[in-house]
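# Results of the structural survey
Spelled out from the first residue to the last, the chains are:
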Amino acid sequence: MKMETAGAVSKTHNDMSSDTTTILDNSNSSELDPILGQEVAIGSIDAELRKLWAVDKARTNACLINFAFYSEQKGSLTLNSRIVSELTRDHACRALLIEMDRSASQPSLRAWVTAHCHLSQGKKSVCCEQIAFALTGVSRGRLRNTVFAHLSSDLPLILWWQGELSPIFEERLYSVIDRFVFDSSSWSNPQASFTIIDQAVHGSKRPLVIQDLAWTRTYQYRLALASLFDDPLAQQNLSHISQIEITHHPLHRNSALQLLSWLATQAVWRQGLELQLAVSHNQAQKESYHFEHKTGESIKATLISDEQAAPIAQLSITGGPMSLVVNREPSSAHIYMRLIVGDHITETLAPAGCDDCAMLIGDQLARGGKNSLFLKILPLFQNLLESQLR
Amino acid sequence: MNNPFREDLVSRSRPAACTVVIFGATGDLTHRKLVPALYNLALDGELPPGVKIIGFARREKSDAEFRAGLEELNCKVSRTGHDDAVWSSIAPNIHYHQSEFTDAEGYARLAATLDAIDRDRGGKGNRLFYIASAPEFFDDILTQLKNAGLNEAKEGYWARVIVEKPFGTDLSTAQHLNRIVNQTFKEKDTYRIDHYLGKETAQNLMVLRFANAIFEPLWNSRYIEQVQITCSENLGMEGGRGGYYDKSGALRDMVQNHLLQLLSLVAMEPPTDLSADGIRDEKVKVIRSMRKWDTADKVAQNVVRAQYTKGSVSGKSVPGYREEDRVDPESMTESYVALRIMIDTWRWSGVPFYIRVGKQLPKKATEISVHFKSPPGVLFNALPTGVPGGNVLAIRIQPDEGISLRMVSKIPGTSLRLEPVKMDFQYSTSFGKPSPEAYERLLLDAIAGDATLFARRDEVEEAWKFIDCIEQAWHQATTAVPMAEYVAGTWGPKEADDLLHEDGNSWRRL
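The rules we used
Residues numbered from 1 in each chain as written. Chains lettered and ligands numbered in written order. Predicted model: local features only at pLDDT ≥ 70, side-chain atom pairs only at ≥ 80, totals over all residues. Heavy atoms only, no water. Helix = DSSP H or I, 4+ residues; strand = E, 2+ residues; numbered from the N terminus. Contact = heavy atoms within 4.5 Å. pLDDT = per-residue confidence, 0-100. Pairing = 2+ DSSP bridges. Axes fitted to C-alpha atoms, helices over the stretch in contact; angles between N-to-C directions. Buried < 20%, exposed > 50% of the residue type's maximum accessible area, 1.4 Å probe, protein only. Buried area = accessible area lost by both parts, 1.4 Å probe. Salt bridge = Lys/Arg side-chain N within 4 Å of Asp/Glu carboxyl O. Polar contact = N/O pair within 3.5 Å; in protein donor to acceptor, adjacent residues only side chain to side chain.

Attention now moves to the overall build of chain A. Helix and strand counts for chain A stand at twelve helices and 21 strands. In chain A, 70% of the contacts between residues at least 6 apart in sequence involve partners at least 24 apart.

See below:
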């Protein structure tokens, strides 16, 4: 945790909520962006950041992490600046926003500085610095040498990669990152991208924690299912499970597959021989997978894609006298859980978590951890992805 | 049985479905703390599915009336607000059981109700009994639970009891209560609650000490000069609390439990592991090593007791302690106590631990401060300003939970002048999300079978041994230790300042 008393609010911009302000320095108003702040020369970023705190001693600069956002989408700086404004309510950080246009012929680099402030417990104004970078053209090493030269020292670096992986994601980049966040839901070729990620995890000189937001989306479902299987009656029927159905939104197939991979990995199911056959009968809205218990008994898993559904809308499991449903209505804040074993019925609600990437990131930051479970399920998940190609 | 789906989901002991029976269910604690805590656990998805809550109390009430009363207060006090959907999911699991605490038939009916719930769960079940009644009923409740066979868990399941403070009023009553508790429940199933240990900063004490390499090497008499623990309140006997407080006093109400628990966390040796007993073994060694002030003279030299006189707090005039509602006008109960504690271990030899706690002080604050020795003065003592004080590590338990470190720094300029500066870490600034209430954490721990943050029998009894020596000197010695006075709204009596001045120290300014 780094803190310092800060100031210099030459102009404030009211953000989405009333207790949020963005500090801007309007000493050169021609280069002032209402969202990104003051445009500054690359060589004077640190000096310009200091200016933000020079006058108003009532503000506190807080920073626990370096949080970099990388996007190749035009307009991403503005969008991400708004996300930082919300995210910094709970997670004090130095934000580095990076927008890259690799198609431009000439390399260029522009930067803006600002700070997002929130009232902490209604009294103290706590601010987090933001540096936004717009890069064009291909010039290797600029991220590491220029952008990441502005990290707050000794604090971890988290990089949120938005969109498809590109050649920018290479060893010199990921070797400086502590946690790499991405959303595989947005990838057109997840198989290929996960292979690159795999290489990064195993090839990085320092431990690289990876975090797929598609996996984070399954968290509340995993928690709900784990709670239901705390019930001894459910546990007794674990070895009798014969059918699984997961309903998901078409954009969130990876989440559904990861959920299935987790179930199979944790319950120590083997992929059944029928897998390829089932896949060859793949229908537009349904896909089937087969697994086997240690005893050889078969388990059929079906993924149902539904345009109207929540990212993960329903997980149902049946086997022996047990039936279990974890269900979420679209846009509901809760998930409903029901376990039936014979006459025994347990019903309860649990928080649904969020779907929005920014909020998922916030949840993930709050949880932390090395995400080793994700690495554990990754081989099966990649297998299931591959199987669809065969 | 192992649940394979639990792996890596939460880094804490796993809570299991159970029935929570709360004795004293119509009381303030149930309405303001326990049920809102269970509600917030449900909201966060921390409460296992199928948890049932049974309120046990004397008043006639229906389930619906009981639920309505709980809901009304939950709307007001829940730290996350009140969500109708969440409440609707837990309300059907809340029931009311009317019975006298001494009525065997009422416990037989309770057993039948619990059996019915267990049948619904598939035959057997876990039970957590929370004794939140007035202390005079503790014995009866425990005895009746035993008579009804409710203390015995069925195979593979558990029956646990949480006992609220005060855990006795002296060593003999604590021993008596412990005997009753241990005749009813096994020690491993007994959870003596101290809500101070559920506070985030109290839990962070061990992390601060043992997860950071820079503190532990300095954490001893070679580098530490003194340790202070302050618990100040800016309230008096409002709301009729004088009736209870006048029978108890600051020493028994706060020092015996909360402050000695904090002290033991500050002073303990590194535990061999993070198990409940691993940690509690080390804590109890600290309490056992505290030098006993076992004569009136020693008490007079090391302990100051005082009552507040008329004054003003937060701009409001307040009466003196003896003029307070439900307080004996000739009361000899202390509203303030300051102690010098010596811990006779290798690590702490010669380091005084000062504790002060009091009512009607200028502000509400609980803080621990570790005062390091000054460096050798050979370099800077000749300066006109000298070296201003030493390093102080302050741990704020409440409010504004956080940690600060005071250091000495050069004032910018051409001349060499030194001033103290402070590095400050605040939970609320760094982590926007508010911490759970202490009762949330402690209830979940009890359901999960993690007794780390609960006091063990020997801790309680050792603490009472220390406290009893002082109480006896105050109330039974032929040469009674005098009762000092302080004006309400000040930081305590002059005698408390003198206690530290004798050692060349002074109370830290809060």
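Detailed reading of the predicted model is not advised wherever pLDDT is low. For chain B, mean pLDDT is 90; residues scoring 70 or higher make up 97% of the total. The complex prediction reports pTM at 0.80, with the ipTM value standing at 0.82.

A word on the environment of Phe291 of chain A. Residue and element names in this part refer to chain A. With respect to the helices and strands, the residue Phe291 is situated in strand 16 (residues 286-292). Each C-alpha atom of the pair Phe291 and Gln243 lies 9.8 Å from the other, and the pair is 48 residues apart in sequence. Those residues in contact with Phe291 that lie beyond four places of it in its chain are Leu260, Ala264, Trp269, Arg270, Gln271, Gly272, Glu297, Ser298, Ile299, Ala301, Leu380 and Leu384.

Time to look at the sheet that holds strand 1 (residues 18-23) of chain B. Residue and element names in this part refer to chain B. Across the sheet, six strands lie side by side as 3-2-1-4-5-6; this open sheet has parallel pairing. At either end of the open sheet lies a strand with only one pairing partner, and these are strand 3 (94-98) and strand 6 (190-192). Put simply, the sheet's adjacent strands are angled 20° from each other on average, direction ignored. Pairing geometry for strand 5 (residues 159-163) and strand 6, over three bridges, is parallel.

The next point concerns the pairing of strand 11 (residues 157-162) of chain A. All names here are of chain A. Within strand 11, six of the six residues are buried, which leaves it mostly tucked inside the rest of the structure. Judged by which residues are buried, strand 11 turns out to be covered on both faces: Leu157, Leu159 and Trp161 on one side and Ile158, Trp160 and Gln162 on the other are all buried. Across six bridges, the pairing between strand 7 (residues 65-71) and strand 11 is parallel. Note that in strand 11 the partner of Phe67 across the bridge is Ile158. Where strand 11 lies against strand 12 (residues 179-182), four bridges are found, and the strand directions are parallel. Note that in strand 12 the partner of Leu159 across the bridge is Phe180.

Before going further, it helps to spend a moment on the interface of chain A and chain B. With 41 residues of chain A at the contact, the number on the chain B side is 36 residues. Contact between chain A and chain B buries roughly 3200 Å² in total, counting both sides, with carbon and sulfur atoms accounting for 57%. Counting the surface chain A buries against chain B, the share from its top three residues, Asp230, Gln235 and Gln266 of chain A, is 16%. Inspection of the region where chain A meets chain B yields two salt bridges. Residues Arg6 of chain B and Asp230 of chain A are paired through a salt bridge, measuring 2.6 Å at the closest nitrogen-oxygen approach. At the junction of chain A with chain B, the criterion picks out eight residue pairs in polar contact (both at pLDDT 80 or more). Going through the elements one at a time, strand 6 (59-63), strand 10 (124-136), helix 7 (219-228), helix 8 (232-236), helix 9 (253-266), strand 20 (334-341), strand 21 (344-351) and helix 12 (372-387) of chain A are the ones with two or more residues in the side of chain A that touches chain B.

The next point concerns the pattern of salt bridges. Side-chain pairs of opposite charge can arise whenever the charged atoms involved come near each other. Residue and element names in this part refer to chain B. Enumeration over the complete set of coordinates arrives at 47 salt bridges over all chains. As a salt-bridge pair, Glu187 and Arg192 come within 2.8 Å of each other at their nearest N and O atoms. In this structure Glu187 comes out as partly exposed when scored by relative accessible area, which is 23%. Given a relative accessible area of 2%, Arg192 falls into the buried group. Between Asp458 and Arg456 there is a salt bridge, and its shortest N-O distance comes to 2.9 Å. A residue is classified by how much of its surface remains accessible, and Asp458, at 24% relative accessible area, is partly exposed. Exposure remark for Arg456: the relative accessible area of 10% places this residue in the buried category. Through salt bridges with shared partners, a single ionic network connects Asp277, Arg280, Asp281, Arg456 and Asp458.

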